[in-house]
Amino acid sequence: MAVLGGTCTLIGTTTNLLVDGVPQASGIESLSIFEIIPVGVVAAATGGLALLMLGPFLLPDRGDIARLGADNETAFFTELRP
């Protein structure tokens with residue numbers, strides 16, 4: 001969400017700074033810091049909604065592992081994959 005929120009200002013992401021360089025190189029007035037808020041808010045809202053809807057399917061369920069370590073504070077759980 002931090003990256004999506006960064007799309008709301010000119011200095012939020014490096015891509016926004018690069019896009020601002022195009023008008024500057026052409027001699028056109030550069031963008032103000034909050035000029036891209038309408039596009040940024042739509043992008044952040046769409047991305048946030050996608051995260052809320054797809055997150056439960058894409059993230060692993062770790063509830064059982066958390067309950068296993070509740071009795072013993074020194075227990076460690078490790079999983080290695082080749």
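Everything discussed here concerns the structure shown above.
Report on the accompanying structure. (Residues numbered from 1 in each chain as written. Predicted model: local features only at pLDDT ≥ 70, side-chain atom pairs only at ≥ 80, totals over all residues. Heavy atoms only, no water.)

Regarding the overall build of the protein chain
Helix and strand counts for the protein chain come out as 4 helices and 0 strands. Starting at the N terminus and ending at the C terminus, the protein chain contains elements arranged as α-α-α-α. For the protein chain, with 82 residues in total, the buried portion stands at 17%. Contacts spanning at least 24 positions in sequence make up 50% of the contacts within the protein chain whose residues lie at least 6 apart. As displayed, the protein chain offers around 6900 Å² of accessible surface, 68% of which is attributable to carbon and sulfur atoms. (Helix = DSSP H or I, 4+ residues; strand = E, 2+ residues; numbered from the N terminus. Buried < 20%, exposed > 50% of the residue type's maximum accessible area, 1.4 Å probe, protein only. Contact = heavy atoms within 4.5 Å. Areas by Shrake-Rupley, 256 points an atom, 1.4 Å probe, with all protein chains shown as cover.)

What about helix α3 (residues 37–58)?
Helix length check: α3, at 22 residues, gives a terminal C-alpha distance of 29 Å against a target of 32 Å (1.5 Å per residue), a fit within 8%. Of all the bends found along α3, the most pronounced is centred on Leu-52 and spans about 35°, while Pro-56, a proline, follows it within four residues. Turning to α3, its buried residues are Gly-40, Ala-44, Gly-47, Gly-48 and Gly-55. (Expected span 1.5 Å × (residues − 1). Bend = angle between axes of the 7 residues up to and from the residue.)

Some remarks on helix α2 (residues 14–25)
When the terminal C-alpha atoms of α2 are compared, their 17 Å separation across 12 residues agrees well with the 16 Å that a helix rising 1.5 Å per residue should span. Gly-27 sits one or two positions beyond α2 and adopts a positive phi of about 85°.

Brief notes about a nonpolar patch on the surface
Side chains of Ile-11, Leu-17, Ile-33, Phe-34, Ile-37 and Val-41 sit close together on the surface and give an oily, nonpolar patch of about 540 Å² of accessible area. Examined against the element boundaries, Ile-11 turns out to sit in the loop between α1 (2–6) and α2. Given a relative accessible area of 59%, Ile-11 falls into the exposed group. (Patch = residues over 30% accessible without salt bridge, like charges linked within 9 Å, V, L, I, M, F, W, Y side chains within 5 Å. Salt bridge = Lys/Arg side-chain N within 4 Å of Asp/Glu carboxyl O.)

Points about the environment of Glu-35
Positionally, Glu-35 belongs in the loop between α2 and α3. Glu-35 sits in the partly exposed class, given a relative accessible area of 45%. A polar contact of 3.0 Å, which involves the side chain of Glu-35, links it to the backbone nitrogen of Ser-32. (Polar contact = N/O pair within 3.5 Å; in protein donor to acceptor, adjacent residues only side chain to side chain.)

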